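# Tertiary structure, described
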Amino acid sequence: MASDIPLNWFLYFAAASFSIGLVGVLIRRNAIAVLMAIEIMLNAANVNLVAFWRYGNAPAGAGPLPGVILALFVITVAAAEVAVGIGLILLCYRRWHAADVDRYDSMSG
Amino acid sequence: MVQFLFLVIAALGLLTALGTVLARNLVHAALFLVAFFFTVACQFVLLEAEFLAALQVLVYIGAVAIILMFGIMLTRNIQGDDTTIVSGAWKIPALMAGLCVFGVLVFGINNAVAPAGQSPWSESNMRPSIAADAGSSKATAVRREAVNNMARTVGNELMTRYVVGFEVAGLLLTVALVGAIALAHREEDAPDAPSRGEQPARRASASPRPQAAGPSLVASEASPPN
């Protein structure tokens, strides 16, 4: 299937999603919402990886699927990160009775 | 036609991402996030990576979104939903930072430099062919096999070329599982939330048993994958 979508469009979409995720990390106070914004950023990076895999020519010795495998590992690490992050947030919630990141200030001087 | 489809999906994706970031109600934000994951899966389909799209739906929508939902339910904010976004004075620098990053990325995309003798990748609007009769070079055959039979190719690659990364990812998932269980297990000793004054004494008296149980559990569980 010879598609006509330029590579740039995928890159612009990923860049816009990444910026939205960054704004979300900065303006959110709830820790779980911050985690969600981080997931948006990771997904934007995955779109970039797969787009470059499909539009580019893999160098010799890289195998047929370099971008897809890297995206696969990103998904794996993101899943582990969410599991541990939710555990930590639950622990902090039991301790401080709040899920806001600016309430966790017991180490600030 | 495909371009129109892409524009619709991208617009939906950006709108749902904005909804995730801006929705005051956290449950609404999580539902917007599910929609965003689905649009990313649609992008993968447009990029002819259907296996990755299926994986995206299974892992992100099926597991990550559900975990986030459980987290939201268990840490329901006492003060209501008004405090999920920072106060107005901090919104402007955050928006400025986001716009600056977006500007830098767009600048980089538009001004890509190319190796000598090639056109820059930012101008490429045609994918490498996977047609069966297009000259049928070896690279085309490999790419066609990878696109049309992606699940098998991914399995072969994970077992041969990326076997070290595969094992490390398995170890990471095991450690994350054990860590999450250890984090959640410690709360069992203090079911009723104590007040702040007596908390250090309680934790000091209750700490030896979980501290002794935690490392041994981790060590015994993490050693078999090695």
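Residues numbered from 1 in each chain as written. Chains lettered and ligands numbered in written order. Predicted model: local features only at pLDDT ≥ 70, side-chain atom pairs only at ≥ 80, totals over all residues. Heavy atoms only, no water.

On to the interface of chain A and chain B. Size of an interface: often given as the accessible area lost when the parts come together. Residue-level contacts link 79 residues of chain A with 89 residues of chain B. Between chain A and chain B, a total of about 8,000 Å² is buried, with carbon and sulfur atoms accounting for 73% of that surface. For the interface between chain A and chain B, the tally reads 1 salt bridge. One salt bridge in this structure joins Glu48 of chain B and Arg54 of chain A, with 3.5 Å as the shortest N-O distance. Counting across the chain A and chain B interface gives 7 residue pairs in polar contact (both at pLDDT 80 or more). Elements represented by at least two residues in the side of chain A that touches chain B include exactly α1 (7-27), α2 (31-55) and α3 (66-96) of chain A. Taken together, the residues of the side of chain A that touches chain B sort by class into 55 nonpolar, 15 polar and 9 charged. (Contact = heavy atoms within 4.5 Å. Buried area = accessible area lost by both parts, 1.4 Å probe. Salt bridge = Lys/Arg side-chain N within 4 Å of Asp/Glu carboxyl O. Polar contact = N/O pair within 3.5 Å; in protein donor to acceptor, adjacent residues only side chain to side chain. Helix = DSSP H or I, 4+ residues; strand = E, 2+ residues; numbered from the N terminus. Nonpolar A, V, L, I, M, F, W, Y, C, P; charged D, E, K, R; others polar.)

What follows is about the nonpolar core. The biggest cluster of nonpolar side chains holds 68 residues, and the ones touching the most others in it are Met36 of chain A together with Leu52 of chain B. It is α2 of chain A that provides the largest number of residues to this core, a total of 12 residues. Ignoring any residue separated from it by four or fewer positions in sequence, one finds Leu52 of chain B in contact with Val50, Val68, Ala71, Leu72 and Ile75 of chain A together with Phe44 and Met150 of chain B. (Core = buried A, V, L, I, M, F, W, Y, C linked by side-chain atoms within 4.5 Å. Buried < 20%, exposed > 50% of the residue type's maximum accessible area, 1.4 Å probe, protein only.)

Attention now goes to the packing of α3 of chain A against helix α3 (residues 50-74) of chain B. At a minimum axis separation of 10 Å, α3 of chain A and α3 of chain B run at an interaxial angle of 5 degrees. On the basis of the axis angle, α3 of chain A is roughly parallel to α3 of chain B. Counted together, Val68, Ala71, Leu72, Ile75, Ala78, Ala79, Val82, Ile86, Leu90 and Tyr93 of chain A of α3 of chain A and Leu52, Leu55, Gln56, Val59, Tyr60, Val64, Ile67, Leu68, Gly71 and Leu74 of chain B of α3 of chain B form the full contact between these two elements. (Axes fitted to C-alpha atoms, helices over the stretch in contact; angles between N-to-C directions. Parallel < 35°, antiparallel > 145°, perpendicular 65-115°, else oblique.)

For the rest of this paragraph, the subject is the pattern of salt bridges. Residue and element names in this part refer to chain A. Enumeration according to the criterion identifies 3 salt bridges over all chains in this entry. Between Arg29 and Asp100 there is a salt bridge whose closest N-O contact spans 3.4 Å. Remark: Asp100 occurs in the segment after α3 and Arg29 occurs in the loop between α1 and α2; sequence separation between them is 71 residues.

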